[in-house]
Amino acid sequence: MVDILVRNVDEDIARRLKEKAKAKGASVNETAREAISAYVKPSKEEVWAAADAIRKKIGNVTGD
């Protein structure tokens, strides 16, 4: 795992993050990790582009 330090977070953003964490019964770190994961999750377009690249690489598949 990698540690990431985020500096200069707006006080309102930090307060809202703490509120969300508390409402879920989770830590601020866990809530921040979830938010970062959701932000960097590949879009549908990216997933389909990767699938298309694989299809192009392996060519046509025939049979059952």
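Remember, predicted model here, so these are calculated numbers, not experimental data.

## Observations concerning the pattern of salt bridges
Now for step 1: Applying the stated criterion across every chain yields a total of four salt bridges.
Now for step 2: Here Glu-34 ties to Lys-24 by a salt bridge, and the two come within 2.2 Å at their closest N and O atoms. Taken together, the residues span a long stretch of sequence, with Glu-34 in helix H2 (residues 28-40) and Lys-24 in helix H1 (residues 11-24) at a distance of 10 residues.
Now for step 3: Note on Glu-34: relative accessible area 37%, which makes it partly exposed.
Now for step 4: Looking at Lys-24, the relative accessible area reads 47%, which means it is partly exposed.
Now for step 5: Across the salt bridge formed by Asp-52 and Arg-55, the nearest N and O atoms sit 2.5 Å from each other. In this pair, Asp-52 and Arg-55 are both assigned in helix H3 (residues 44-58), three residues apart and thus about one turn of the helix distant.
Now for step 6: Residue class for Arg-55 comes out partly exposed when judged on its relative accessible area of 43%.

## A few points about a nonpolar patch on the surface
Now for step 1: Among the surface-exposed residues, Val-2, Ile-4, Val-6, Val-9 and Ile-13 lie close enough to one another that they form a single nonpolar patch of about 510 Å² accessible area.
Now for step 2: If you trace the backbone, Val-9 turns up in the segment before H1.

## Digging into the confidence of the model for the protein chain
Now for step 1: Residues at a pLDDT of 70 or more form 98% of the protein chain, whose mean pLDDT is 94.
Now for step 2: Model confidence for the protein chain, summarised as mean pLDDT per element, is weakest for H3 at 93 and strongest for H1 at 97.

## Concerning the layout of surface pockets
Now for step 1: Counted as a void, the largest pocket has a volume near 750 Å³.
Now for step 2: Together, 20 residues line the largest pocket, and Val-6, Leu-17, Ala-32, Arg-33 and Ile-36 are the ones closest to its centre.
Now for step 3: Mapped by element, the contributors of at least two residues to the lining of the largest pocket are H1 and H2.
Now for step 4: A per-element tally of the lining of the largest pocket places H2 first, with seven residues.
Now for step 5: For the lining of the largest pocket, the class distribution of residues is 13 nonpolar, two polar and five charged.

Calculation rules
Residues numbered from 1 in each chain as written. Predicted model: local features only at pLDDT ≥ 70, side-chain atom pairs only at ≥ 80, totals over all residues. Heavy atoms only, no water. Salt bridge = Lys/Arg side-chain N within 4 Å of Asp/Glu carboxyl O. Helix = DSSP H or I, 4+ residues; strand = E, 2+ residues; numbered from the N terminus. Buried < 20%, exposed > 50% of the residue type's maximum accessible area, 1.4 Å probe, protein only. Patch = residues over 30% accessible without salt bridge, like charges linked within 9 Å, V, L, I, M, F, W, Y side chains within 5 Å. Areas by Shrake-Rupley, 256 points an atom, 1.4 Å probe, with all protein chains shown as cover. pLDDT = per-residue confidence, 0-100. 1 Å grid on protein atoms, 1.4 Å probe; cavity = no way out; pocket = protein on both sides within 12 Å on 5 of 7 lines; lining within 4 Å. Points joined across faces, edges and corners; volume = space filled by probe spheres on them. Nonpolar A, V, L, I, M, F, W, Y, C, P; charged D, E, K, R; others polar.

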